[in-house]
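Chain and residue survey
The chain contents come next:
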Amino acid sequence: MLASIVLAFSCGANKTKDKDSASLENAQPNDSTIIGEWIHMSHQGPVRINFKDNGTVETDIGDNKSIDVISNYTLKSDTIKFLDKDGKSCPDAGIYKVYNRGYTVAFDVIDDLCNGRIKLTTGFWVRPNYTEQISQLNSLIEKTDNKKYILQRARMYLALGNSKLAKQDFDSYIDRDSTDAKVYINRAGTRFPDGLKGVVYDCSKAIALDSTDKNAYFLRGLAYYGLGETQKGCADFKKSIDLGFKILKKVESM
């Protein structure tokens, strides 16, 4: 009898837990648009961008409620083109691939010769209500232990400049799935500036999985330079240029 009661209670508890998890999963963001505000921690500090549905985007460098750049943008499928028109502008257009994953959006440079815009734009961005979204992910991870939520949280931490927490989550994800080259590249980004040998390791793993990713060669090149292995660094930069990182060629010729 006691065993039956315990069993019934356990089953009931599991059903409640599953219901709670399903409710949380249904509430997770499903952005099919980039319209609205996004923020991240760039190499130059915090940045906020506001995509408007009229085809303009406002950039607030420093996230201090001032508009520093106004650009036109066109979005076709997963490719976005920026053309600055006011403020601290770049003369030519910049083209980026967009990865919209709901909790984060990321921009990966395809063709841009403006170093300032590349530094401000590339990487992960989060919505201003990121605290609420991270709390939701915490609950989902606690209830489901699903690696996809761990990866989402890792990328949010990376967008916010919290390399320590981001790396912990990337470590956890890679322990479960070591087949995604981009996750190794993401983790490499958390290791600068003190873990350069780790950057080389992660980027080498990424290249073994996908030898066409220019970012893996670029980051490994930076790490080799930092380690004093300039010849290897130059070789990686050249490969990154060959794969489409044109700004490096411009820097190389200066």
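This text gives an overview of the structure that appears in the document. This structure is a prediction, so every number in the text was calculated from the model and none was measured.

About the thresholds
Residues numbered from 1 in each chain as written. Predicted model: local features only at pLDDT ≥ 70, side-chain atom pairs only at ≥ 80, totals over all residues. Heavy atoms only, no water. Helix = DSSP H or I, 4+ residues; strand = E, 2+ residues; numbered from the N terminus. Expected span 1.5 Å × (residues − 1). Buried < 20%, exposed > 50% of the residue type's maximum accessible area, 1.4 Å probe, protein only. Polar contact = N/O pair within 3.5 Å; in protein donor to acceptor, adjacent residues only side chain to side chain. Salt bridge = Lys/Arg side-chain N within 4 Å of Asp/Glu carboxyl O. Core = buried A, V, L, I, M, F, W, Y, C linked by side-chain atoms within 4.5 Å. Contact = heavy atoms within 4.5 Å. Axes fitted to C-alpha atoms, helices over the stretch in contact; angles between N-to-C directions. Left-handed = near helix turned anticlockwise from the far one by under 90°. Pairing = 2+ DSSP bridges. Phe/Tyr/Trp six-rings, centres within 6.5 Å; stacked < 30°, edge-to-face > 60°.

Between the first and last C-alpha of helix 8 (residues 214–226) there are 19 Å, a value that for 13 residues agrees with the 18 Å anticipated at 1.5 Å per step. Of all the 13 residues making up helix 8, ten are buried; the element is thus mostly covered by neighbouring parts of the structure. Measuring from the backbone nitrogen of Asn215 back to the side-chain oxygen at the start of helix 8 gives 2.9 Å, which picks out Asp213 as the cap. One or two positions beyond helix 8, positive phi appears at Gly228, with a value near 85 degrees.

Bringing the pattern of salt bridges into the picture now. Taken as a whole and assessed by the stated rule, the structure comprises 19 salt bridges. By sharing partners, the salt bridges in this structure join Lys167, Asp171, Arg187, Arg191 and Asp202 into a single network.

Before going further, it helps to examine the nonpolar core. Soluble, globular proteins show a tendency: their nonpolar side chains are buried together. Ile49, Phe51, Ile80, Phe82 and Phe107 are the most contacted members of the largest nonpolar core, which totals 63 residues. Here this core gets eight residues from one element, more than from any other, and that element is helix 4 (residues 147–159). Residues in contact with Phe107, not counting those within four places in the same chain, are Ile49, Phe51, Ile80, Phe82, Tyr96, Lys97, Val98, Thr121, Thr122, Gly123 and Trp125.

Turning to the packing of helix 4 against helix 6 (residues 181–189), a few remarks are in order. Two numbers describe how helix 4 lies on helix 6: the axes approach to 11 Å, and their chain directions differ by 35 degrees. As for the relative orientation of helix 4 and helix 6, their crossing is left-handed in sense. Contacts between helix 4 and helix 6 pair Leu151, Arg155 and Leu158 from the former with Lys182, Val183 and Asn186 from the latter.

With six of eight residues buried, strand 7 (residues 104–111) lies mostly within the body of the structure. Pairing of strand 6 (residues 94–100) with strand 7, which is carried by six bridges, proceeds in the antiparallel orientation. The residue bridging Tyr96 from the neighbouring strand is Val109, located in strand 7. Inspection of the sheet shows strand 7 paired to strand 8 (residues 123–126) by four bridges, in the antiparallel sense. Looking at strand 8, one finds that Ala106 is bridged to Phe124.

Counting across every chain of the model gives nine aromatic pairs. Ring geometry for Phe107 versus Trp125: centroids 6.5 Å apart, planes at 80 degrees, classification edge-to-face. With a gap of 18 residues between them, Phe107 in strand 7 and Trp125 in strand 8 connect regions that are remote in the sequence. For Phe107, a relative accessible area of 2% translates into the label buried. Considering the side-chain rings of Tyr225 and Phe237, the 5.4 Å spacing of their centres and the 20 degrees angle between planes classify their relative orientation as stacked. In this pair, Tyr225 is assigned in helix 8 and Phe237 in helix 9 (residues 230–242), connecting sequence segments twelve residues apart. Classification of Tyr225 by relative accessible area gives partly exposed; the value is 38%. In textbook terms, an aromatic cluster arises when at least three aromatic residues are bridged by ring pairs, as seen for Phe51, Tyr73, Phe82, Tyr96, Phe107 and Trp125.

With that out of the way, let us pick up helix 7 (residues 196–209). Helix length check: helix 7, at 14 residues, gives a terminal C-alpha distance of 20 Å against a target of 20 Å (1.5 Å per residue), a fit within 8%. Buried within helix 7 we find Leu196, Gly198, Val199, Val200, Asp202, Cys203, Ala206 and Ile207. On its buried face, helix 7 is in contact with helix 6 and helix 8.

For strand 4 (residues 69–76) and strand 5 (residues 79–87), the ladder comprises eight bridges, and the chain directions are antiparallel. Across the sheet, residue Asn72 finds its bridge partner in strand 5, namely Leu83. Connecting strand 4 to the next strand, strand 5, in antiparallel fashion are two residues, including Ser77 with a positive phi near 55 degrees. As paired elements, strand 5 and strand 6 share four bridges and run antiparallel to each other. In the strand pairing of strand 6, Thr79 is matched with Lys97. Here strand 5 folds back onto strand 6, and the loop between the two strands holds six residues.

It is worth spelling out the environment of Ile67 at this point. Mapped onto the elements of the fold, Ile67 is located in the loop between strand 3 (56–61) and strand 4. A C-alpha to C-alpha distance of 10.0 Å links Ile67 and Val57, two positions ten residues apart in sequence. Leaving out residues up to four positions away in the same chain, Ile67 has contacts with Glu58 and Thr59.

On to the environment of Thr121, then. As for its position among the elements, Thr121 is in helix 2 (residues 115–121). Relative accessible area serves as the criterion here: at 10%, Thr121 is assigned to the buried category. With 78 residues separating them in the primary sequence, Thr121 and His43 have C-alpha atoms 9.9 Å apart. Dropping the residues within four chain positions of it, Thr121 is found in contact with His40, Phe82, Tyr96 and Phe107. Looking at Thr121, its side chain comes within polar contact range of the main-chain oxygen of Arg117, at 2.8 Å.

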